[in-house]
Amino acid sequence: MAVMSLSEFTDLVDMAMQEVLVDKLNLYNDYQKYMDVRDMGSKASIKASFVSSLGQLNELAENAAINYDQLKQGYDKTFTPVKYGGGVRFSLELAEDDQFDVVDDIGNMLMDSAAYTNEQICANILIRAQNASYTGPDGKVLAATDHPLVYSGGTEGNRPTNNVDLTYTEFWNAVVDFENTLNHAGLTSRQQVRRLIVGPYWEEKATQILGNPDQPDTTVRNINALIKNRKIQLVVVHNIPADNKLWALQGDNHTLRLYWKKRPVTDSDGDFDTSAVKTKVLMRLVTGWIDWHGIWVSAGA
């Protein structure tokens, strides 16, 4: 009867772990709905920026010369990947005598940890959107009332002056505020709301707002203009703590980025003397934002 070697066993463990990892990454996929996910390729880091918007065209008299605007570069942001990893070690005897699927459970827990970590890193951008310890390229937090406008001068905000809870009225006010946000040239950006992002705290209320043909929380059941005139997707980010009252609006033209340097991979090896099996998962990624346009955040009242 053939006996499986330690190296053959670790190969099987590695293949099984990789299959579990793929399943977990497909399960933990909130981040894909609100992050712009890109690969870094062979680059050690990526320096990103943007070019400011332009003002309106000028009315020209006959034979008048065109006035050429000078484009202005926005703020720079360097994305440098961070390495994350974890692993477990167990004996070959545990695997051989595994009557309670402990090894399978270990694999699931490790892969849960990898997938959860990625989700949390992305969710932290929203959770820290008004945290003064986490500022962006313009020196402001992601959701501020006084972002500097590069081309026109002055400032503009992407949050309410005073944070508010999610209600139908405040949601409508936020949509109006979002869609009238000034771009860097001081013109209305005309970007439409595409997503309402919430944590578990507001999931029920958000579903009522977006799914009700009438205005919710009103005695006079007027038509819900939000869902009649717009297609707004509800995104529930489960890694936002259950007691966190933040909610956010997002358009298609946003710069919330996740750069993968190395997507999660597993590796397993054995110790010849002890017959212990070690398995690990590694990944390298970085998240952040370049410009604040396209996102609006309230931390809740």
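Below: a short report on this structure.

Criteria and thresholds
- Residues numbered from 1 in each chain as written.
- Predicted model: local features only at pLDDT ≥ 70, side-chain atom pairs only at ≥ 80, totals over all residues.
- Heavy atoms only, no water.
- Helix = DSSP H or I, 4+ residues; strand = E, 2+ residues; numbered from the N terminus.
- Contact = heavy atoms within 4.5 Å.
- Patch = residues over 30% accessible without salt bridge, like charges linked within 9 Å, V, L, I, M, F, W, Y side chains within 5 Å.
- Areas by Shrake-Rupley, 256 points an atom, 1.4 Å probe, with all protein chains shown as cover.
- Salt bridge = Lys/Arg side-chain N within 4 Å of Asp/Glu carboxyl O.
- Polar contact = N/O pair within 3.5 Å; in protein donor to acceptor, adjacent residues only side chain to side chain.
- Buried < 20%, exposed > 50% of the residue type's maximum accessible area, 1.4 Å probe, protein only.
- Pairing = 2+ DSSP bridges.
- Axes fitted to C-alpha atoms, helices over the stretch in contact; angles between N-to-C directions.
- Lys, Arg positive; Asp, Glu negative; His and termini not counted.
- Charge placed at Lys NZ, Arg CZ, Asp CG, Glu CD.
- Core = buried A, V, L, I, M, F, W, Y, C linked by side-chain atoms within 4.5 Å.

**Describing the environment of Pro-137**
Looking at the element boundaries, Pro-137 is found in the loop between helix H3 (102-127) and strand S5 (147-148). Note: C-alpha distance between Pro-137 and Gly-288 (151 residues apart in sequence) is 9.6 Å. Leave out the neighbours within four places in its chain, and Pro-137 touches Tyr-75, Asp-76, Lys-77, Trp-289 and Ile-290.

**Here's the deal with a nonpolar patch on the surface**
Taken together, the side chains of Val-51, Leu-54 and Leu-71 make up a nonpolar region of the molecular surface, amounting to roughly 270 Å² of accessible area. The residue Leu-54 is located in the loop between strand S2 (46-48) and strand S3 (77-79) in this model.

**Quick word on the side chain of Thr-181**
Among the secondary structure elements, Thr-181 is positioned in the loop between helix H4 (168-179) and strand S7 (195-198). A polar atom in the side chain of Thr-181 sits 2.8 Å from the backbone oxygen of Phe-178. Those residues in contact with Thr-181 that lie beyond four places of it in its chain are Glu-156, Gly-157, Leu-187, Thr-188, Ser-189, Trp-292 and His-293.

**Some details on the pattern of salt bridges**
Scanning the entire structure with this criterion turns up 8 salt bridges. The residue Lys-140 makes a salt bridge to Asp-146 at a minimum N-O spacing of 3.1 Å. A relative accessible area of 25% places Lys-140 in the partly exposed class. A salt bridge links Arg-195 to Asp-252, with the shortest nitrogen-to-oxygen separation between them at 3.4 Å.

**What about the sheet that holds strand S10 (residues 256-270)?**
With mixed pairing, the 4 strands of this open sheet are ordered in space as S1-S10-S11-S4. Looking along the sheet, the strands with just one partner apiece sit at the ends: strand S1 (36-39) and strand S4 (82-91). Within this sheet the neighbouring strands show an average axis-to-axis angle of 25°, counted without direction. Here S10 runs beside strand S11 (residues 276-289); their pairing, made up of 12 bridges, is antiparallel. Bridging across to S11, Leu-258 finds its partner in Thr-287.

**Here's the deal with a positive patch on the surface**
A contiguous patch of positive charge, built from Lys-83, Arg-89, Lys-262, Lys-278, Lys-280 and Arg-284, is present on the exposed surface. Mapped onto the positive patch, the elements with two or more residues apiece are S4 and S11. No other element matches the 3 residues that S11 contributes to the positive patch. In this structure, Arg-284 sits in strand S11. Among the residues examined, Arg-284 registers a relative accessible area of 31% and is labelled partly exposed.

**A look at the sheet that holds strand S9 (residues 247-250)**
The strand order S8-S7-S9-S12 describes an open sheet built from 4 strands, whose pairing is mixed. The open sheet has two free edges, formed respectively by strand S8 (233-236) and strand S12 (295-298), since each of these has just one partner strand. Ignoring strand direction, the axes of neighbouring strands in this sheet form an average angle of 20°. In this structure, S9 lies alongside S12, joined through 4 bridges in antiparallel fashion. Across the sheet, Trp-247 pairs through a bridge with Ser-298, a residue of S12. The sheet contacts of helix H5 (residues 203-211) involve S7 and S8, and relative to S8 the element is tilted by about 175°.

**A short note on the nonpolar core**
Core analysis: the biggest nonpolar cluster contains 25 residues, and Tyr-34, Met-35, Leu-126, Ile-197, Val-237 and Ile-295 have the highest contact counts within it. Looking at this core, the element that brings in the most residues is H3, giving 5 residues. Setting aside residues no more than four positions away along its own chain, Ile-197 makes contact with Tyr-34, Leu-126, Val-235, Val-237, Trp-247, Ala-248, Gln-250 and Ile-295. If you look at the next biggest cluster of nonpolar residues, it comprises 20 residues, including Val-164, Val-175, Phe-178 and Ile-232.

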